[in-house]
Amino acid sequence: MKTLGKSHKLDNVCYDIRGPVMDEANRMIAEGTEILKLNIGNPAPFMFRAPKDVINAMTDSLSDVEGYSDSKGLLSAREAIIKYDETKGIHGVTVDDVFTGNGASELITLSMQALLDNGDEVLVPAPDYPLWTASVTLAGGNAIHYICDERSDWYPDIDDIKSKITDKTKGIVIINPNNPTGALYPEEVLQQIVDVAREHGLIIYSDEIYDRLLMDGNKHTSIASLCPDLFCVTFNGLSKSHMIAGFRCGWMSLSGDKSRVKGYIEGINMLSSMRLCSNVPAQSVIPAALRSNDQLESMLLPGGRIYEQREYITKRLNDIDGITAVKPKAAFYIFPKIDAARFNIRDDEQFVLDFLKEKHILLVHGGGFHWETPDHFRIVYLPDLDQLKTSMDELEDFLKTYRQK
Ligand code: PLP
């Protein structure tokens, strides 16, 4: 197990909820300016409501969940998670292998704290959901970014992954379905990642928090289902699929061969016990939530809100001169490319800041997701069609004259 209590360097960590753009947005809001927020994946403010049976499960259980639970979580919640894992082809997970968390976020951080000694490396996608890089760095490790390739539907570039493995590489992170690109990885791509992990003895960390937000009849494959011989940590939760990000309800399941990671699991158990347990009322809704979610399914079909908003945003972006965007297959994000040469963009954060100041619309620059070239930004397409239309009209208008100074 790693030693705790060292100093951390967080200088290279980007996170989309802080920085000059957010500071400016907060300043404008404090002055009374109305800002259209296309920057955060939080469904509730955009009139997405949690399924009724989830709310009922929470209110019905409140008087029974006043105390701490087992540090890993309520047995009923962990049993429901095991059943869910089985439907995804992840077999052999026991109640000792499931940890509930205050969101998947807490467990991402915990899993890295338990894993890393100073200087250890973890392969993290670029672009990434920035909490991953932050968690690796906070734990004293180095996040080594591998490229996801826009020209191949944003799939991980396997050659780039291979070229970045060293004797310090401990694990590989995949985010599937992906934030910020909306990509969904096919089995062939996952199989290649499994082959690399097997050859180099890497732990696979798979963040699958969007696995129920799929469109176009696509199916999600859990990478752990392809490699019962490898140790995998699979993350999931209810923040997105059940629109209850504020409840803070997530989990991770450990699967596969644990014989080489006994010390690591001991570390995870210790850190899990140290936080006593995750929010118990939130855990209590897991069995009901995982039974079915018809409300979500209909939103993802033609005529449904998320589906139609994806169709709209993809078309409008691609109709703007100087912007191209790969159509997302899952989640509710799109990561368009902007022609940096044409608009003289050398600093993508400045571009987003200039757009915010002029049009009062908040995006996140690609650098916030560890994308190195200043030619991308992320849109959360949860706001309704009217708001998306306004945002696209304004972006089109802004780019007619914008040239970065
Ligand atoms: N993983 C990914 C890929 C995310 O996009 C997010 C939130 O945006 C999270 C994890 C955090 O999830 P939770 O609310 O369960 O902490």
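Residues numbered from 1 in each chain as written. Predicted model: local features only at pLDDT ≥ 70, side-chain atom pairs only at ≥ 80, totals over all residues. Heavy atoms only, no water.

1. Comments concerning the overall build of the protein
Which entries qualify depends on this criterion: For the purposes of this entry, the term helix denotes a DSSP run of H or I that reaches at least four residues, the term strand denotes a run of E that reaches at least two, and both are numbered from the N terminus. When we talk radius of gyration, it's over C-alpha atoms, and the globule rule is simply 2.2 Å times the number of residues to the 0.38. Note on definitions: a residue-residue contact is assigned when non-hydrogen atoms from the two residues lie within 4.5 Å. Here, Shrake-Rupley sampling with a 1.4 Å probe gives the accessible areas, and only protein chains in the shown set may cover a residue. When charges are tallied, Lys and Arg are placed among the positive residues and Asp and Glu among the negative ones, while His and the ends of the chain are skipped. Each charge is placed at NZ for Lys, CZ for Arg, CG for Asp and CD for Glu.
What the protein contains, in helices and strands, is 14 helices and 15 strands. In terms of overall dimensions, the protein is globule-like: its C-alpha atoms have a radius of gyration of 21 Å, near the 22 Å expected for 405 residues. Its C-alpha atoms put the protein at 60 × 50 × 40 Å along the principal axes. Within the protein, contacts between residues at least 6 apart in sequence are counted, and of these 75% link residues at least 24 apart. Carbon and sulfur atoms form 51% of the exposed surface of the protein, whose accessible area is close to 16,700 Å². Charged side chains in the protein number 43 positive and 59 negative. The centres of these two groups are separated by 1 Å.

2. Digging into the domain arrangement of the protein
Note the cut-off: An automatic or database domain assignment is the source of the domain bounds shown. Accessible area that two parts lose when put together, evaluated with a 1.4 Å probe and summed over both, is termed the buried area. Any carboxyl oxygen of Asp or Glu within 4 Å of a side-chain nitrogen of Lys or Arg constitutes a salt bridge here. By the criterion applied in these results, polar contacts are pairs of N or O atoms within 3.5 Å in which, for protein atoms, one can donate a hydrogen and the other can accept it, and in which residues neighboring in sequence qualify only through two side-chain atoms. Note that Gly is not counted as nonpolar here; it falls among the polar residues with everything else outside the nonpolar set of Ala, Val, Leu, Ile, Met, Phe, Trp, Tyr, Cys and Pro and the charged set of Asp, Glu, Lys and Arg.
Each assigned domain of the protein is listed here: domain 1 (20-48 + 298-401) and domain 2 (65-291). Between domain 1 and domain 2, the C-alpha centre-to-centre distance is 27 Å. Across the contact, 26 residues belong to domain 1 and 29 residues belong to domain 2. Summed over both partners, the interface of domain 1 with domain 2 comes to about 2,500 Å²; 63% of that surface belongs to carbon and sulfur atoms. Between the two partners, domain 1 and domain 2, sit two salt bridges. Among the ionic pairs, Asp-216 bridges to Arg-310, the shortest N-O distance being 2.8 Å. Taken together, domain 1 and domain 2 are joined by 13 residue pairs in polar contact (both at pLDDT 80 or more). For the side of domain 1 that touches domain 2, the secondary-structure elements that each account for two or more residues are helix H12 (305-319) and strand E11 (333-334). Each residue belonging to the side of domain 1 that touches domain 2 can be placed in one class, and the counts come to 17 nonpolar, five polar and four charged.

3. A word on the sheet that holds strand E3 (residues 121-126)
Note the threshold: If DSSP finds at least two bridges between two strands, the strands pair. Under this scheme, a helix contributes an axis fitted over its contacting stretch, all axes are lines through C-alpha atoms, and angles between N-to-C directions fall in the 0 to 180 degree range.
Read from one edge of the open sheet, eight strands run E2-E9-E8-E7-E6-E3-E4-E5, paired in mixed fashion. Each end of this open sheet is capped by a strand with a single partner; those strands are strand E2 (98-101) and strand E5 (155-156). As judged from the six bridges shared by strand E8 (residues 232-237) and strand E9 (residues 250-255), these two strands associate in the antiparallel manner. For Thr-234, the partnering residue across the bridge sits in E9 and is Ser-253. Running at roughly 40° to E9, helix H4 (residues 103-115) makes contact with E2, E3, strand E6 (169-175), strand E7 (203-207), E8 and E9 of the sheet.

4. Quick look at the site of the ligand
Stated precisely, the cut-off is as follows: Think of it this way: one heavy atom of a residue within 4 Å of a molecule or strand is enough to make that residue near it.
Of all residues adjacent to the ligand, which total 13 residues, the nearest are Ala-104, Ser-105, Asp-207, Tyr-210 and Ser-239. Ser-105 has a polar side-chain atom sitting 2.5 Å from an oxygen atom of the ligand. For the ligand, the protein covers 95% of the area, taking 400 Å² as the surface of the free molecule. It is H4 that contributes the most residues to the shell around the ligand, three residues altogether. Taken together, the residues that form the shell around the ligand break down as six nonpolar, four polar and three charged.

5. Digging into the sheet that holds strand E14 (residues 364-365)
A sheet is described by the order of its strands in space; here three strands give the open sequence E11-E15-E14, paired in antiparallel fashion. Looking at which strands have only one partner, the edges of the open sheet turn out to be E11 and E14. Across two bridges, E11 lies against strand E15 (residues 377-380) in antiparallel orientation. When the sheet's bridge partners are listed, Tyr-333 is paired in E15 with Val-380.

6. Observations concerning the pairing of E2
Note the threshold: Remark: exposure states derive from per-residue accessible area (1.4 Å probe, protein chains only) relative to the maximum for the residue type, with buried under 20%, exposed over 50%, and partly exposed in between.
The two faces of E2 match: Val-98 and Thr-100 on one face and Phe-99 and Gly-101 on the other face are all buried. Where E2 and E9 come together, four bridges link them in antiparallel fashion. When the sheet's bridge partners are listed, Phe-99 is paired in E9 with Met-252.

7. Overview of the confidence of the model for the protein
Under the convention used in this document: pLDDT measures how confident the predictor is about each residue, on a scale from 0 to 100.
In the predicted model, the protein carries a mean pLDDT of 94, and 96% of its residues have values of at least 70. Scored below 50 in pLDDT, residues 1-16 makes 47 contacts in the model with residues more than four places away or belonging to other chains.

8. So, empty space enclosed by the protein
For clarity, the cut-off: Method remark: on a 1 Å grid restricted to protein atoms, a set of points is classed as a cavity if a 1.4 Å probe fits but cannot get out and as a pocket if it is open with protein on both sides within 12 Å along at least five of seven lines; lining residues have an atom within 4 Å of a point. Grid points are joined across faces, edges and corners, and a volume is the space filled by probe spheres set on the points.
Counted according to the given criterion, the structure contains four cavities of 30 Å³ or more. Looking at the second largest cavity, its volume works out to about 50 Å³. Along its surface, the second largest cavity is lined by Tyr-84, Asp-85, Lys-88, Ile-90, Glu-208, Asp-211, Ser-222, Thr-234, Phe-235, Asn-236, Trp-251 and Ser-253. Broken down by secondary-structure element, the contributors of at least two residues to the lining of the second largest cavity are helix H3 (75-87), E8 and E9. The dominant element in the lining of the second largest cavity, judged by the number of residues it contributes, is E8, at three residues. A breakdown of the residues in the lining of the second largest cavity according to their chemical character gives four nonpolar, four polar and four charged.

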